[in-house]
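For reference, the chains in residue letters:
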Amino acid sequence: MSDNRQTYLLNIDYITFCFYLALVGIGGIFIYSVDVQQSGAPENLADFLFHMQSGKQVLWIIICLLVFSFIFFFLDYKFWQTFAYLIYGGGIASLVLVVLIGTTIKGATSWFTFGGFSFQPSELAKFGTCLGVAAYLGHWSIDLRNTRQAIQVAGLFILPAGLVLLQPDAGSALVFMSFFIVMFREGLNPLLYVIGIVGGVTFVLSILVPPLVMILLLAWVVVMIYILYEKEQGLLWFGGLLLFGVLLIFGYREGYGTYSLGAALLALIAMTYRQYLNFRTKIIPVMMAGFLLTGGLAVGSNYVFNNVLQPHQQQRIDVWLRPAEAKKRNKDSVMNLENSMLAIGAGGITGRGIFSGRMTQGRWVPEQDTDFIFCTIGEEQGFLGSAAVVGLYLLLILRIVMLAERQRTAFSRIYAYGVAGILFVHVVVNIGMTIGLVPIIGIPLPFLSKGGSSLLGFTIMIAVLLKLDKHRGRIKKNAIVNF
């Protein structure tokens with residue numbers, strides 16, 4: 001090996017690289033475990049490589065390692081910043097093309113097929129979006145405090161998300177929202193995230209409870225906030241507030257919902273007028289805007305859920321939020337989630353052992369080598385094995401954040417945060433759906449799930465990140481880069 005290659009190897013961030021190799025190796029082992037238990041052991045090497053799913057995954061691993069080596073050793077680090085917009089545009093074009101001429105698999109037109117292999121362009125589009133957002137947001141003239149520029153940055157990842165929704169693939173579309181994490185790091189107003197969280201909570205609550213109850217609750221909360229400004233007889237005010245809340249609940253439960261709503265609105269108007277008389281005029285527009293917007297969102301969310309969403313989309317949300325009711329309407333709708341949780345729980349502390357998963361052998365959980373591969377790990381390696389995998393992901397993401405903060409250009413920093421955000425959303429959503437914390441929307445577990453396009457996409461992300469990190473010392477800090 002030449003001195004130049006030795007220098008490259010010495011300068012690679014071995015911690016990140018080892019995390020990458022460990023996760024890829026773990027994925028290969030458990031994909032093989034599922035394959036052997038469900039299809040039997042291979043007769044020979046050719047049978048393994050060309051007829052078994054785990055063999056095809058090994059071929060993809062080899063391809064990914066070759067791609068990794070090519071990116072790290074042969075491509076100049078400036079290539080990615082120079083051609084960021086071109087790569088981003090290529091990703092957008094591929095998303096348009098797959099909708100027009102792609103292959104439909106399991107209800108989603110998300111794939112290109114070549115012989116015995118299939119490829120999902122949305123995986124590489126995530127990488128292209130990382131580069132595009134980093135190139136645009138990293139320019140010295142972009143300031144997220146400028147509303148127009150903030151909208152332009154958001155448009156860069158909302159566009160591919162919209163194209164993915166046309167396939168339709170809600171899971172992959174959701175991943176593009178991870179770039180809001182990048183925007184937060186780069187200075188987007190935190191209040192917008194608070195509003196977004198409130199909106200999300202409101203959406204969930206509006207599905208669980210009727211809109212009328214939501215409006216009653218909102219009115220009571222606004223009245224409570226007004227009472228916090230009452231400095232005299234505070235105990236009496238809070239006693240009245242609690243009594244008022246009990247009467248609202250009693251009226252609603254007894255069938256007097258309209259009267260309860262009227263009483264709540266009258267109390268709200270009266271307390272608002274009291275704030276006006278006491279010269280607390282600054283709080284009034286804030287509280288009224290919050291009440292009207294949140295109330296409108298609650299009513300609108302309930303309407304969208306019941307009248308706009310497709311039945312299968314409603315079913316996924318019901319399985320997540322109201323599994324008992326969903327099971328009464330359709331027993332099979334919650335079977336995947338129940339079997340997934342049973343498989344993970346069956347592993348206990350140490351698991352049943354590799355190649356010994358009874359739920360895996362019985363094919364009780366579908367897609368157990370792709371979207372639900374965490375079930376295999378949970379059953380065969382138990383809590384300790386599952387915790388170790390989660391710990392590896394956590395350490396990898398934290399390491400990428402550390403790499404991001406030591407970069408000397410905004411482009412490299414933003415790109416690194418983009419990679420960390422995508423990994424974070426993938427891991428949280430995938431593991432969360434296997435244990436019932438999030439809806440089952442079907443996205444792969446990075447590096448572990450079977451699938452060449454996913455593994456290739458994440459491999460390229462890591463390879464480019466390590467390449468940029470290797471050359472961070474060649475660029476002066478706070479250097480201005482023009483595009």
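Residues numbered from 1 in each chain as written. Predicted model: local features only at pLDDT ≥ 70, side-chain atom pairs only at ≥ 80, totals over all residues. Heavy atoms only, no water.

Enquirer: It is not clear to me how the nonpolar core should be interpreted in this structure. Could you clarify?
Expert: Nonpolar side chains in soluble globular proteins generally cluster together in the buried interior. Ranked by internal contacts, the top residues of the largest apolar core, which has 96 residues, are Phe-68, Ile-400, Tyr-415, Phe-447 and Leu-448. The element best represented in this core is helix α21 (residues 410-434), accounting for 13 residues. Counting 18 residues, the second largest nonpolar core, distinct from the first, contains Val-223, Leu-241, Leu-268 and Ile-284. (Core = buried A, V, L, I, M, F, W, Y, C linked by side-chain atoms within 4.5 Å. Buried < 20%, exposed > 50% of the residue type's maximum accessible area, 1.4 Å probe, protein only. Helix = DSSP H or I, 4+ residues; strand = E, 2+ residues; numbered from the N terminus.)

Enquirer: Would you mind showing me how to read the sheet that holds strand β1 (residues 103-105) here?
Expert: Two pairing modes exist for strands in a sheet, parallel and antiparallel, and in both the strands are linked by backbone hydrogen bonds. The strand order across the open sheet formed by three strands is β1-β2-β3, and the pairing between neighbours is antiparallel. Both edges of this open sheet fall to β1 and β3 (117-119), since each of them pairs with a single strand only. Across the sheet, the axes of successive neighbouring strands diverge by a mean angle of 55°, strand direction being ignored. Where β1 lies against strand β2 (residues 108-114), three bridges are found, and the strand directions are antiparallel. Bridge pairing links Thr-104 to Thr-109 in β2. The strands touched by helix α6 (residues 84-101) are β1 and β2; relative to β2, the strand with the most contacts, the crossing angle is about 95°. (Pairing = 2+ DSSP bridges. Axes fitted to C-alpha atoms, helices over the stretch in contact; angles between N-to-C directions. Contact = heavy atoms within 4.5 Å.)

Enquirer: How do you make sense of the confidence of the model for the protein when you look at a structure like this?
Expert: The predicted coordinates ought not to be read in detail in places where the model reports low pLDDT. Confidence in the prediction for the protein averages 84 pLDDT; 93% of positions are at 70 or higher. Low pLDDT, under 50, characterises residues 476-483; the predicted model gives this stretch 14 contacts beyond four residues in sequence or across chains. (pLDDT = per-residue confidence, 0-100.)

Enquirer: How do you make sense of the pairing of β2 when you look at a structure like this?
Expert: Taken residue by residue, a regular strand's side chains alternate between the two faces of the sheet. The antiparallel pairing of β1 with β2 creates a hairpin that spans two residues between the two strands, and Lys-106 there sits at a positive phi of about 55°. Strand direction decides the pairing type here: β2 and β3, joined by three bridges, are antiparallel. Of the residues in β3, the one forming a bridge with Phe-114 is Phe-117.

Enquirer: What is the right way to look at the side chain of Ser-122 in this model?
Expert: Along the chain, Ser-122 turns up in helix α7 (residues 121-137). The exposure class assigned to Ser-122 is buried, which follows from its relative accessible area of 1%. Ignoring sequence-local partners within four residues, the contact set of Ser-122 consists of Leu-95, Val-164, Ser-172 and Phe-176.

Enquirer: Mind showing me how you'd approach the pattern of salt bridges here?
Expert: Should the charged atoms of two oppositely charged side chains come close, the side chains can pair. Throughout the structure, instances matching the rule amount to nine salt bridges. In this structure, Arg-406 engages Asp-13 in a salt bridge whose closest nitrogen and oxygen atoms are separated by 3.7 Å. Taken together, the positions of Arg-406 in the loop between α20 (373-405) and α21 and Asp-13 in the loop between α1 (3-11) and α2 (14-39) put the pair 393 residues apart, joining distant regions of the chain. Under the relative-accessibility criterion, Arg-406 is labelled partly exposed at 29%. As a salt-bridge pair, Asp-143 and Arg-145 come within 3.0 Å of each other at their nearest N and O atoms. Residues joined in a network through salt bridges with shared partners are Asp-13, Arg-399, Arg-406 and Asp-469. (Salt bridge = Lys/Arg side-chain N within 4 Å of Asp/Glu carboxyl O.)

Enquirer: Would you explain helix α15 (residues 283-307) in this entry?
Expert: Since the α-helix turns once every 3.6 residues, residues separated by three or four places project in the same direction. Compared with the 36 Å implied by 1.5 Å per residue over 25 residues, the 36 Å span of α15 between its first and last C-alpha is a close match. Close packing links the buried residues of α15 with α11 (190-208), α12 (211-227), α14 (257-277) and α16 (311-321). (Expected span 1.5 Å × (residues − 1).)

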